[in-house]
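# A closer look at the structure
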Amino acid sequence: MLIAASSLIPAAEPADRTATILGPGYVICDGGMIAEVGSGPPPGPPDIELRTGYLLPGLVDLQVNGYFGIELGDADPAGWADVAHRLPCTGTTAFLPTFITSPVDDLVAALRGTASFARDLRGPVTADDGAPGIPGGARVLGVHLEGPFIAASRRGAHNQDWIIPPDEATIGRLLAAGAGLVRVVTLAPEIDGGMAAIKQLTDAGVLVSVGHSDATAAQVAAAATAGARMVTHLFNGQRPLHHREPGVVGQALIDTRLVSGLIADMHHVVGPVAALAFRAAPRRIALVTDAAASAGMAQGRFELGGEPIELANEDGAPPARVDGTLAGSALRMDAAIANMVRAGVGLPDAVAAATRIPADLIGRADLGRIARGAAADLVWLTDDLTTAATWVAGRQVHGPSLG
């Protein structure tokens, strides 16, 4: 399949001369992979010609609590399949379902239940060749555990009664229950057992993210030395930047070992501050939705972490607990890109933050870029940066038939 586009944004490595094409280009897909990418006119008659908008890699979201009325931590296989089938309408082609703080026994049960079917959702998502995956669905990359090893003082919407310090046995139970599905764990490094937990998780191949934390800058730096490589939803649920104590935020921005997730709904973090993060930490910001079950739905009541939340309106404002605490978001990944562009971030940089940067962070160099040998996960955004069509493994899974 040969796709010609009026504007191609490959989101490749900065050293690649095609990294920031913002003009005509083409992509050749074969067998679910990208066989060739180039600038200028295509080498032959295209199968699909996109004369407006932008062609970019499929979007990669590392923090999805739920969507379309479904909370993933409590969903059955049909619920997971529904979310995976519908996420491509937002431009997302790969995501990390996220379970927030719950009683450990409940998390173990959720991970065991997920492991019984989700392994079949993680492989290449192809057309009809029998390969594992949900045909027509976004790729499931594993599970992100956001808690329960967090700081009570920075818990946000997490239930304080379920927060515990980490220990080797509990971490072992969670990893065993997930049977290899646990890819990211958000924790507070300053709590008792935090640094040992980082080493244990890192040794097990799990990406550790500093979050819901009251750590000092020095403690965050020590966490990075121990193996942490991410900060969860920068500015939210963490010790803020202060001119005498940089806190989690300050260390996240200056420490080149750390990539920070950012909820760019313009409510969790306002535009000028979000743009400041891009300037202070170039190529180290990963856009995330932190979407709750209310995302993609009309206003109403839903659940997050087994407790009620309410989406009061449909203007992009996030859902909240009854006490007004923000509880996840109603954000789309394509909207996150558009919001950052409106905040002054260049389109190629905003696209990289939603594609290559999160993919690289979790060790998936086959995702998040339009490059030879990468998966043929693509999204066509309109001129106003909303999703018009989406392909997963070279198969169109959203939008009007284009060829």
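Up top you'll find the structure we're talking about.
A brief structural summary. These numbers come from a predicted model, not from an experiment.

### A word on empty space enclosed by the protein
- What the rule picks out here adds up to 1 cavity of 30 Å³ or more.
- Quantified by volume, the largest cavity comes out at close to 30 Å³.
- Considering the residues around the largest cavity, the lining is formed by Leu145, Phe149, Ile171, Leu174, Leu175, Val185 and Leu201.
- Ranked by the residues each element gives to the lining of the largest cavity, the list is headed by helix H3 (residues 168-178), at 3 residues.
- The class makeup of the residues in the lining of the largest cavity is 7 nonpolar, no polar and no charged.

### Focus: the nonpolar core
- Of all hydrophobic cores here, the largest spans 103 residues; its most connected members are Leu287 and Ile337.
- A per-element tally of this core places helix H2 (residues 104-118) first, with 8 residues.
- Not counting residues within four places of it along the chain, the set of residues in contact with Leu287 comprises Val60, Leu262, Ala264, Phe278, Met333, Ala336, Ile337, Met340, Ala350, Ala353 and Ala354.
- The next biggest cluster of nonpolar side chains, apart from the first, holds 17 residues, and it includes Ala5, Leu378, Ala388 and Trp391.

### Some remarks on the pairing of strand E18 (residues 307-311)
- In this sheet, E18 lies alongside strand E17 (residues 300-304) in antiparallel orientation, the contact comprising 5 bridges. When the bridges of E18 are listed, Gly300 appears paired with Leu311.

### Here we look at helix H8 (residues 333-342)
- With 7 of its 10 residues buried, H8 lies for the most part within the structure.
- Taken as a whole, H8 has its buried residues at Met333, Asp334, Ala336, Ile337, Ala338, Asn339 and Met340.
- Downstream of H8 by one or two residues, Gly344 has phi in the positive range, about 110°.

### Remarks on the pairing of strand E20 (residues 387-392)
- Burial runs high along E20: 6 of the 6 residues are buried.
- Bridging between strand E19 (residues 378-381) and E20 involves 4 bridges; their strand directions are antiparallel. What sits directly across from Val379, in E20, is Thr390.
- As consecutive antiparallel partners, E19 and E20 are separated by 5 residues, and within that stretch Leu385 has a phi angle of approximately 65°, a positive value.

### Here's the deal with unusual backbone geometry
- In the segment running from Gly147 into Pro148, the intervening peptide bond is cis, with an omega of 10°.
- Summarising the element assignment, Pro148 is placed in the loop between strand E11 (143-146) and H3.
- Its identity is not glycine, yet Asp290 carries a phi of approximately 55°, on the positive side.
- As for its position among the elements, Asp290 is in the loop between strand E16 (285-288) and E17.
- Positive phi is not limited to glycine here, since Ala393 has a value of about 55°.
- Turning to its location among the elements, Ala393 is positioned in the loop between E20 and strand E21 (395-398).
- By relative accessible area, Ala393 is classed as buried at 10%.

### Looking at helix H6 (residues 247-254)
- The buried count for H6 comes to 7 of 8 residues, which makes it a mostly enclosed element.
- Inspection of H6 places Gly247, Val248, Val249, Gly250, Gln251, Ala252 and Leu253 among the buried residues, and these make up the whole buried set.

### Side note on the environment of Gly32
- Along the polypeptide, Gly32 turns up in the loop between strand E2 (23-30) and strand E3 (33-39).
- In sequence terms Gly32 and Trp162 are 130 residues apart; their C-alpha atoms lie 43 Å from each other.
- Sequence-distant contacts of Gly32, defined by excluding residues within four places in its chain, comprise Ala375, Ala376, Ala393 and Gly394.

### Some words on the packing of helix H5 (residues 217-226) against H6
- Between H5 and H6, the shortest axis-to-axis distance is 8 Å and the interhelical angle comes to 50°. As judged from the angle between their axes, H5 and H6 are oblique. Between H5 and H6 the crossing geometry is right-handed. Touching Ala217, Val220 and Ala221 of H5 are Gly247, Val248 and Gln251, all from H6.
- Of the residues belonging to the contact of H5 with H6, the class tally is 4 nonpolar, 2 polar and no charged.

What counts and what doesn't
Each chain carries its own residue numbering, running from 1 in the direction its sequence is written. Given that the model is predicted, a residue must reach a pLDDT of at least 70 before its local features are reported, and side-chain atom pairs must reach 80 or more before they are shown or counted; all residues, however, enter totals for whole chains, interfaces and linings. To obtain the side-chain values, all non-hydrogen atoms of the structure were included, while hydrogens and water were left out. Grid points spaced at 1 Å and placed over the protein atoms alone form the basis of the search, with a cavity being a set where a 1.4 Å probe fits but cannot get out and a pocket an open set showing protein on both sides within 12 Å along at least five of seven lines. Lining residues have an atom within 4 Å of a point. Grid points are joined across faces, edges and corners, and a volume is the space filled by probe spheres set on the points. By the criteria applied, helices consist of DSSP H or I runs no shorter than four residues and strands consist of E runs no shorter than two, each listed in order from the N terminus. Each residue gets one of three labels, nonpolar for Ala, Val, Leu, Ile, Met, Phe, Trp, Tyr, Cys and Pro, charged for Asp, Glu, Lys and Arg, and polar for the others, Gly among them. Among the buried residues, those of types Ala, Val, Leu, Ile, Met, Phe, Trp, Tyr and Cys that are joined through side-chain atoms within 4.5 Å form a nonpolar core. Remark: exposure states derive from per-residue accessible area (1.4 Å probe, protein chains only) relative to the maximum for the residue type, with buried under 20%, exposed over 50%, and partly exposed in between. Throughout, a residue-residue contact means that at least one pair of heavy atoms, one from each residue, lies within 4.5 Å. Two strands pair if DSSP finds at least two bridges between them. Here the axes come from fitting lines to C-alpha atoms, over the contacting stretch only for helices, and the angles between their N-to-C directions go from 0 to 180 degrees. Should an angle lie under 35 degrees it is considered roughly parallel, over 145 roughly antiparallel, and from 65 to 115 roughly perpendicular; all remaining angles are considered oblique. Left-handed is the label given to a crossing in which the near helix is rotated counterclockwise from the far helix by less than a right angle, and right-handed is the label when the rotation is clockwise.

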